[in-house]
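# Inside the fold
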Amino acid sequence: MVDNLKYYNDSLAYDFEMFMPRSAEPVRKDNIVKLPQTKQKRRAKARAVRRVSASAFAVMTTVFVLAALCGNILLRLQINEVNAKINDIKTEISALENTKTGLEVELERVVSYSNIELEAAEIGMQKMDKNQVKYIRVNDKNSAVTKNGETILCSDEKK
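Residues numbered from 1 in each chain as written. Predicted model: local features only at pLDDT ≥ 70, side-chain atom pairs only at ≥ 80, totals over all residues. Heavy atoms only, no water.

## Structural notes on the overall build of the protein
To be explicit about the condition: To qualify as a helix, a DSSP run of H or I must reach at least 4 residues; to qualify as a strand, a run of E must reach at least 2; elements of each kind are numbered from the N terminus. Exposure classes here rest on a 1.4 Å probe applied to the protein chains alone. A residue is buried below 20% of its type maximum, exposed above 50%, and partly exposed in between. Only the protein chains shown count as covering a residue, and every accessible area follows the Shrake-Rupley method with a 1.4 Å probe.
Assigned secondary structure in the protein consists of four helices and two strands. Taken over 159 residues, the protein has a buried fraction of 1%. With an accessible surface of roughly 16700 Å², the protein has 60% of that area assigned to carbon and sulfur atoms.

Below, the structure is given as structure tokens:
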């Protein structure tokens, strides 16, 4: 180590000892002694690591497959619920269409021409005769005078 104390006491500009090659100090080695492993021990250790990694891979694969199966079952359940709702709505639609058809038939029955004639005859109405029609003759000016004295012009003279 460099003695920094002399920098404070001397007024030297340079310390050439800093630029001198250092002597190689021996590197201290730890006092740990490693025993050489035999090939059999190394192989056994590698096999154990492989077994552990293979079993971990098998466990992870099994977990993944089970998760995928559970997800598939859940999705199928949801699809079945939606299909059941669709079928319920289709049966409702068909029932409403049957009701609509029945109501249309009922309306046709009520509004039919023969039924109207029967109802009219029941309340005393009758078909119009020629003697019930009154014709009005107008002069060439295409105008008419009402009871109130108003003059009604035909569409030709309004222009």
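## Describing a positive patch on the surface
Our working rule: In this analysis, a patch consists of residues with relative accessible area above 30% that form no salt bridge, clustered at 9 Å for like charges and at 5 Å for the nonpolar side chains Val, Leu, Ile, Met, Phe, Trp and Tyr. Salt bridge, as used here, is a side-chain nitrogen of Lys or Arg placed within 4 Å of a carboxyl oxygen of Asp or Glu. Charged residues are defined here as Lys and Arg on the positive side and Asp and Glu on the negative side; His and the ends of the chain fall outside this count. Where a charge lies is defined by one atom per residue type, namely NZ (Lys), CZ (Arg), CG (Asp) and CD (Glu).
A surface patch of positive charge is lined by Lys39, Arg42, Arg43, Arg47, Arg50 and Arg51. Its place among the elements puts Arg43 in helix 2 (residues 39-111). The class for Arg43 is exposed, based on a relative accessible area of 53%.

## A closer look at the pattern of salt bridges
As enumerated under the stated definition, the model contains two salt bridges in all. Ionic pairing is found between Lys100 and Glu104, a salt bridge with its closest N-O pair at 4.0 Å. Here Lys100 pairs with Glu104, and both are found in helix 2, just four residues apart, close to one helical turn. What makes Lys100 exposed here is its relative accessible area of 51%. With relative accessibility at 42%, the residue Glu104 sits in the partly exposed group.

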